[in-house]
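As a plain string of letters, each chain reads:
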Amino acid sequence: MTAFEYVRPDDVAGAVTMVSADPAAAYLAGGTTQLDLLLKDGVVRSDRLVDIGRLPLRGITPGDESLRVGALTTMEEMAADPLVARRLPFVREALLAGASPQLRNMATIGGNLLQRTRCRYFRDPAVAACNKRSPGSGCAAVSGLARMHAILGASPNCIALHASDLCVPLVALDTDVHVRGTDGRRDVPLTEFYLPSGDRPEVEHVLAHGELITHVEVPLLPAGARSGYLKVRDRSSYEFALTSAAAALRIEEGTIVWARLALGGVATIPWRAREAETVLTGAPATRETFRAAAEAAIRDPFTVPGTAFKVELAKRTIVRVLRDVSGTPR
Ligand SMILES: Cc1cc2nc3c(=O)[nH]c(=O)nc-3n(C[C@H](O)[C@H](O)[C@H](O)COP(=O)(O)OP(=O)(O)OC[C@H]3O[C@@H](n4cnc5c(N)ncnc54)[C@H](O)[C@@H]3O)c2cc1C
Ligand code: SF4
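Values in this document were obtained by computation on a predicted structure and should not be read as measured data.

Some remarks on the overall build of the protein chain
- Broken down by element type, the protein chain carries eleven helices and twelve strands.
- Taking 20 Å as the expected radius of gyration for a compact globule of 330 residues, we find that the protein chain reaches 20 Å, a close match to that expectation.
- A principal-axis box enclosing the C-alpha atoms of the protein chain has dimensions of 60 × 50 × 35 Å.
- Burial analysis of the protein chain (330 residues in total) assigns 48% to the buried set.
- Relative to all contacts within the protein chain whose residues are 6 or more apart in sequence, the contacts with residues 24 or more apart total 64%.

Some words on the sheet that holds strand β6 (residues 176–181)
- Pairing in this open sheet of five strands is antiparallel, and the strands run β4-β5-β8-β6-β7 from one edge to the other. Every interior strand has two partners, whereas the edge strands, β4 (60–62) and β7 (184–189), have only one. Going across the sheet, the axis of each strand differs from the next one's by a mean of 20 degrees, ignoring polarity.
- Of the strand pairs in this sheet, β6 and β7 are connected by six bridges, and their pairing is antiparallel. Bridge pairing links Val179 to Arg186 in β7.

Re the sheet that holds strand β1 (residues 5–7)
- On the basis of which strands lie adjacent, the open sheet formed by three strands has the order β1-β3-β2 and parallel pairing. Two strands lie at the open edges of the sheet, namely β1 and β2 (25–28), each paired on one side alone. Ignoring strand direction, the axes of neighbouring strands in this sheet form an average angle of 25 degrees.
- Across four bridges, β2 lies against strand β3 (residues 48–51) in parallel orientation.

Observations concerning helix α5 (residues 89–96)
- Burial analysis of α5 places six of its eight residues in the buried class, the great majority of the element.
- Every buried residue of α5 is listed here: Phe90, Val91, Arg92, Glu93, Ala94 and Leu95.
- Buried positions along α5 lie against α3 (75–80), α4 (82–87), α8 (167–172), β8 (212–219), β9 (226–232) and β10 (243–252).

Some remarks on helix α10 (residues 287–297)
- Listing the buried residues of α10 in full gives Thr289, Phe290, Ala293, Ala294 and Ala297. Viewed along the axis of α10, the buried residues span an arc of 140 degrees, placing them on a single side of the element.
- Against the buried residues of α10 lie β11 (255–264), α9 (274–280) and α11 (309–326).

Some remarks on the site of ligand 1
- Close to ligand 1 lie 30 residues, the nearest being Gly30, Gly98, Gly110, Gly111 and Leu114.
- Listed by contribution, the elements that provide at least two residues to the shell around ligand 1 are β2, α2 (34–40), α6 (101–106), α7 (109–113) and β8.
- Grouping the constituent residues of the shell around ligand 1 by class yields 16 nonpolar, twelve polar and two charged.

Quick notes on the site of ligand 2
- Around ligand 2 there are 14 residues in total, and Cys119, Tyr121, Cys130, Cys139 and Cys158 lie nearest to it.
- In terms of residue class, the shell around ligand 2 is made up of eleven nonpolar, two polar and one charged.

Brief notes about the environment of Val257
- Mapped onto the elements, Val257 comes out in strand β11.
- Assessed through the 15 C-beta atoms surrounding it within 10 Å, Val257 is described here as partly exposed.
- Through-space distance from the C-alpha of Val257 to that of Thr108 is 34 Å; in sequence the pair is 149 residues apart.
- Contact partners of Val257, with chain neighbours within four places excluded, come to Arg250, Ile251 and Glu252.

A closer look at the packing of α10 against α11
- Remark: α10 packs on α11, axes separated minimally by 9 Å, with the N-to-C direction vectors making an angle of 140 degrees. When the axes of α10 and α11 are compared, the pair comes out oblique. Taken as a pair, α10 and α11 cross one another with a handedness that is right-handed. Every residue of α11 that contacts α10 at Arg287, Phe290, Arg291, Ala293, Ala294, Glu295 and Ala297 is listed here: Lys315, Ile318, Val319, Leu322 and Arg323.

Describing the nonpolar core
- Ranked by internal contacts, the top residues of the largest apolar core, which has 100 residues, are Leu261, Leu263, Ala293 and Ile318.
- Looking at which domains feed residues into this core, each of domain 1 (5–51) and domain 2 (226–326) supplies at least three.

About the cut-offs
- Residues numbered from 1 in each chain as written.
- Chains lettered and ligands numbered in written order.
- Predicted model: local features only at pLDDT ≥ 70, side-chain atom pairs only at ≥ 80, totals over all residues.
- Helix = DSSP H or I, 4+ residues; strand = E, 2+ residues; numbered from the N terminus.
- Rg over C-alpha atoms; globule rule 2.2 N^0.38 Å.
- Buried ≥ 20, exposed ≤ 12 C-beta atoms within 10 Å, placed from the backbone.
- Contact = placed C-beta atoms within 7 Å.
- Pairing = 2+ DSSP bridges.
- Axes fitted to C-alpha atoms, helices over the stretch in contact; angles between N-to-C directions.
- Arc of directions from axis to C-beta.
- Near = placed C-beta within 6 Å.
- Nonpolar A, V, L, I, M, F, W, Y, C, P; charged D, E, K, R; others polar.
- Parallel < 35°, antiparallel > 145°, perpendicular 65-115°, else oblique.
- Left-handed = near helix turned anticlockwise from the far one by under 90°.
- Core = buried A, V, L, I, M, F, W, Y, C linked by C-beta atoms within 7 Å.
- Domains from an automatic or database assignment.

Scope: geometric values only; no functional claims are made or implied.
Shown next, in the form of structure tokens:
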């Protein structure tokens, strides 16, 4: 175990200064990802952990058309919020499909966005070839065991999955991420927050070192929209997704007039399926339309032998969630 300093500031500006000024410092929220990587797996190094648990960044504030969710709100708190249940049912479903109740009581929304990949090679320091952990070293997963890996946004340099469930409906909804750095505040659309693996798998998102997520602003579903989150996994609880899909539709007299679709379990980032949304919008709510949307969503996948099965599984996941949300008979 490596030694590190532990500090617990009371104010946001102080926390931001502490991490920004020190390249070896990192934030600690619920610790469910960070402590594993630092203490158990030994794959990240931080000389100073800045515990943000005392900062006033917890709670949910309703607005007219959105919810402001503090970064330190836990997954369980967000799932239990009555407005989330009423106006964002697929967000609640995604939260409750993640981890376990014990973990969800610790895990925060900010930490969920910034959780690291579950790629077993990334989390095993005995494996030398991992471009994400050690840039330029190669990728052990491409020729190794790669069942829980990505087929979209992936490249020969890295096929690591972004494993969040929550981020799937959040990216479908055009959620904004609000951050605070030493230069002030800014907000970033979640659709532009993550970077596909490309040539630099070690760079996962647009945050500068020390920038702190303060809250996310989640648009509410429009009146009349129905939504659902479907997670396909090897066992029915406490397991990451093989594939998942978050869908929201508004249907008038059999025609889809508004559609949102995003995918999890298949991509290096929470994946917004815009081409599929184009196929859906204005089309009849039928099985044929849903299959056409699925084909549009899973275009040009990058597969290795272990992940090839996900191409068809992801398409079937999409068709199934769209059928469930629209109430179309099987
Ligand atoms: C066994 C297990 C099963 C899991 N299953 C699922 C699952 O099925 N679905 C799912 O979606 N997730 C799952 N998770 C992931 C879990 O949701 C995340 O670990 C959790 O949300 C991270 O939140 P945290 O508060 O514990 O973050 P921490 O572990 O404290 O931090 C995670 C990262 O985020 C950074 N960070 C945290 N908060 C902020 C902030 N406000 N601003 C800037 N940086 C910040 C930290 O520096 C660190 O790099 C699982 C985790 C475990 C351990
Ligand atoms: S998939 Fe990415 S994280 Fe996993 S071994 Fe390859 S480079 Fe590393």
